[in-house]
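Results of the structural survey
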Amino acid sequence: MPSEQGRHKAFSTCLPHLAVVSLFLSTAMFAYLKPPSISSPSLDLVVSFLYSVVPPVVNPLIYSLRNQEIHGALRKILQYTLFLHQKDVHHALKTPKRLRKA
């Protein structure tokens, strides 16, 4: 592609889909090719969840993040929650131990 903007748009569209497809294929391959010696019900449950639930849920999220309004709103939410978390951690570090237990 000749333009930088065109390459950026193509990669921003393709990479999330490639990530979902690779997650889908890797969990499917792991589920069918894993040795029986490492089989456990909890591992099987996690693999089946990753295989059957995550890709269909993530796909609409990928398409909605292409919308600039949703992208901006998600960025604001993440910044707000990270800022509050950093503020709580900073407050906990500054508060003396005897006051933290109360």
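Structure shown above.
This one's a predicted model, so the numbers in the text were calculated from it and none came from an experiment. (Residues numbered from 1 in each chain as written. Predicted model: local features only at pLDDT ≥ 70, side-chain atom pairs only at ≥ 80, totals over all residues. Heavy atoms only, no water.)

1. Observations concerning the packing of helix α1 (residues 4-33) against helix α2 (residues 41-52)
For the pair α1 and α2, interaxial distance at closest approach is 8 Å and the crossing angle is 150°. The angle between the axes of α1 and α2 places the two elements in the roughly antiparallel class. Note that α1 runs across α2; the crossing there is left-handed. For the pair α1 and α2, the contacting residues are Leu23, Phe24, Thr27, Ala28, Phe30 and Ala31 in the first and Leu43, Val47, Leu50 and Tyr51 in the second. Per-class residue counts for the contact of α1 with α2 are nine nonpolar, one polar and no charged. (Axes fitted to C-alpha atoms, helices over the stretch in contact; angles between N-to-C directions. Helix = DSSP H or I, 4+ residues; strand = E, 2+ residues; numbered from the N terminus. Parallel < 35°, antiparallel > 145°, perpendicular 65-115°, else oblique. Left-handed = near helix turned anticlockwise from the far one by under 90°. Contact = heavy atoms within 4.5 Å. Nonpolar A, V, L, I, M, F, W, Y, C, P; charged D, E, K, R; others polar.)

2. Structural notes on the layout of surface pockets
Unoccupied space between atoms shows up once a probe the size of one water molecule is rolled over them. Considered as a void within the structure, the largest pocket measures approximately 280 Å³ in volume. Considering the residues around the largest pocket, the lining is formed by His8, Lys9, Ser12, Thr13, Pro16, Ile62, Leu65, Arg66, Gln68 and His71. Mapped onto the lining of the largest pocket, the elements with two or more residues apiece are α1, α3 (54-65) and α4 (68-94). In terms of residues, the lining of the largest pocket owes the most to one element, α1, which gives five residues. Of the residues contributing to the lining of the largest pocket, the split by class is three nonpolar, five polar and two charged. Mapped onto the domain boundaries, the lining of the largest pocket takes at least three residues apiece from domain 1 (1-35) and domain 2 (37-96). (1 Å grid on protein atoms, 1.4 Å probe; cavity = no way out; pocket = protein on both sides within 12 Å on 5 of 7 lines; lining within 4 Å. Points joined across faces, edges and corners; volume = space filled by probe spheres on them. Domains from an automatic or database assignment.)

3. Details of the side chain of Thr27
Within the secondary structure layout, Thr27 lies in helix α1. Among the polar contacts listed, one links the side chain of Thr27 to the backbone oxygen of Leu23, at a separation of 2.8 Å. Beyond its immediate stretch of four places on either side in the chain, Thr27 contacts Val47, Leu50 and Tyr51. (Polar contact = N/O pair within 3.5 Å; in protein donor to acceptor, adjacent residues only side chain to side chain.)

4. Thoughts on the packing of aromatic side chains
Counted by the stated rule, this structure contains one aromatic pair. On the basis of an interplanar angle of 10° and a centroid distance of 4.9 Å, the ring pair of Phe24 and Tyr51 is categorised as stacked. Pair noted here: Phe24 is in helix α1 and Tyr51 is in helix α2, with a separation of 27 residues, a long-range link. When its relative accessible area of 32% is taken as the criterion, Phe24 is described as partly exposed. Overall, Tyr51 belongs to the partly exposed group, its relative accessible area being 28%. (Phe/Tyr/Trp six-rings, centres within 6.5 Å; stacked < 30°, edge-to-face > 60°. Buried < 20%, exposed > 50% of the residue type's maximum accessible area, 1.4 Å probe, protein only.)

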